[in-house]
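Take a look at the letters that make up each chain.
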Amino acid sequence: MDNMSPSKPYMIRAIWEWVIDNELTPHIMVDALYPGTFVPQQFVKDGQIVLNVAPSAVVALDLDNAGISFNARFSGIAHDIYVPVGAVLGIYARENGRGMMFEPEDYPEYEGEEQHEESPNLAPVSIVEEDNSSDDDPEPPTTPPTSPSPTGGRPPKRGKPSLKVVR
């Protein structure tokens, strides 16, 4: 059948459920530069962010075929997050790194730049110099972690996400 829907959102949901069923913590690695991605810019490193999507860390999680949306706290401030499925680079268990990485997708034509002004707390991210001077311990228990990946919007070499992200 030629007109089948993409499998990626189904794989994301399946891995998320598998990680939860095994009582581990699901994290997604996101290309924060992907059009339509809304994440707190101050937690993006090298164009990527890793988000804790465990039920205990987020509110109103919705894993649909177009994207992932939820509310989460970053340094005590609540943010509405939206990640298009195309921006998801991987989903895995924090504790052991097991999960699935995805090939980076080409950016779609996107004409929604004016949408970025709607939320004062979130904006699509552009590559900027990081200022992490005030974040000695940026992760309270319900705060999604950040990614130290050095690959600028592309998945790191096999094995690096879990080695760098898992603490």
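Residues numbered from 1 in each chain as written. Predicted model: local features only at pLDDT ≥ 70, side-chain atom pairs only at ≥ 80, totals over all residues. Heavy atoms only, no water.

## Observations regarding the overall build of the chain
The criterion, for reference: The helix count covers DSSP runs of H or I at least four residues long, the strand count covers runs of E at least two residues long, and both are numbered beginning at the N terminus. Burial classes follow relative accessibility: with a 1.4 Å probe on protein chains only, a residue under 20% of its type's maximum area counts as buried, one over 50% as exposed, and anything between as partly exposed. Any two residues whose heavy atoms approach within 4.5 Å at even a single point are treated as in contact. Using a 1.4 Å probe, the Shrake-Rupley method yields the accessible areas, and only the shown protein chains count as cover for residues.
Within the chain, the regular secondary structure consists of two helices and seven strands. Helices and strands appear in the chain in the N-to-C order α-β-β-β-β-β-β-β-α. In the chain, which comprises 167 residues, the proportion classed as buried is 41%. For the chain, the share of sequence-separated contacts (at least 6 apart) that also reach a separation of at least 24 residues comes to 68%. With an accessible surface of roughly 9400 Å², the chain has 49% of that area assigned to carbon and sulfur atoms.

## Points about the sheet that holds strand S3 (residues 59-63)
Selection rule: When DSSP locates at least two bridges between a pair of strands, those strands are taken to pair. Axis lines are fitted to C-alpha atoms, over the contacting stretch for helices. Their N-to-C directions set the angle, which ranges from 0 to 180 degrees.
Taken in spatial order, the three strands of this open sheet run S3-S4-S5, and their pairing is antiparallel. For this open sheet the edge positions go to S3 and strand S5 (77-84), each flanked by a neighbour on one side alone. Sheet twist, expressed as the average angle between the axes of neighbouring strands with direction ignored, equals 25°. Bridging between strand S4 (residues 67-74) and S5 involves eight bridges; their strand directions are antiparallel. The residue of S5 that forms the bridge with Arg 73 is Ala 78.

## Details of the sheet that holds strand S1 (residues 26-31)
Sheets are built from strands paired through backbone hydrogen bonds, the pairs being either parallel or antiparallel. Spatially, four strands are ordered S2-S1-S6-S7 in an open sheet, and the strand pairing comes out antiparallel. Two strands in the sheet have a free side with no partner beyond their single neighbour: strand S2 (48-52) and strand S7 (99-101). Strand-to-strand, the axes of this sheet are offset by a mean angle of 20°, without reference to chain direction. Relative to S2, S1 runs antiparallel, the two sharing five bridges.

## Brief notes about the environment of Arg 13
What counts is decided by this rule: Whenever two N or O atoms come within 3.5 Å, that pair is a polar contact, provided that in protein one can donate a hydrogen and the other can accept it, and provided that, for residues adjacent in sequence, both atoms are side-chain atoms.
Along the chain, Arg 13 falls in helix H1 (residues 8-21). When its relative accessible area of 22% is taken as the criterion, Arg 13 is described as partly exposed. In this structure the C-alpha to C-alpha distance between Arg 13 and Ile 68, which are 55 residues apart in sequence, comes to 9.8 Å. In contact with Arg 13, not counting residues within four places along its chain, are Leu 63, Asp 64 and Asn 65. In terms of polar contacts, Arg 13 uses its side chain to reach the backbone carbonyl oxygen of Leu 63, at 3.1 Å.

## Let's talk about the confidence of the model for the chain
Threshold: Confidence of the predictor at the level of single residues is captured by pLDDT, which takes values from 0 to 100.
With 65% of its residues at a pLDDT of 70 or more, the chain has an overall mean of 76. A low-confidence stretch, residues 113-167 (pLDDT under 50), is modelled with 110 contacts involving residues beyond four sequence positions or located in other chains.

## Here we look at the packing of aromatic side chains
Applicable threshold: Paired rings are identified among Phe, Tyr and Trp, the last through its six-membered ring, by centres lying within 6.5 Å, and are further divided according to the angle between planes into stacked (under 30 degrees), edge-to-face (over 60) and tilted (the rest). Working rule: Lys NZ or Arg CZ, within 6 Å of ring centre, within 35 degrees of ring normal, means a charge sits over the ring.
Within the structure shown, the criterion is met by two aromatic pairs. Residues Tyr 34 and Tyr 107 carry aromatic rings whose centres are separated by 5.4 Å and whose planes lie at 80° to one another, so their mutual orientation is edge-to-face. Of this pair, Tyr 34 sits in the loop between S1 and S2 while Tyr 107 sits in the loop between S7 and helix H2 (160-165), placing them 73 residues apart in sequence. Each ring, one from Phe 43 and one from Phe 74, has its centre 5.1 Å from the other, and the planes form 40°; the classification is tilted. Taken together, the residues span a long stretch of sequence, with Phe 43 in the loop between S1 and S2 and Phe 74 in strand S4 at a distance of 31 residues. With respect to class, Phe 43 is no different from Phe 74; both count as buried. Above the plane of the ring of Tyr 10 lies Arg 13, whose end atom (NZ or CZ) is 4.7 Å from the centre.

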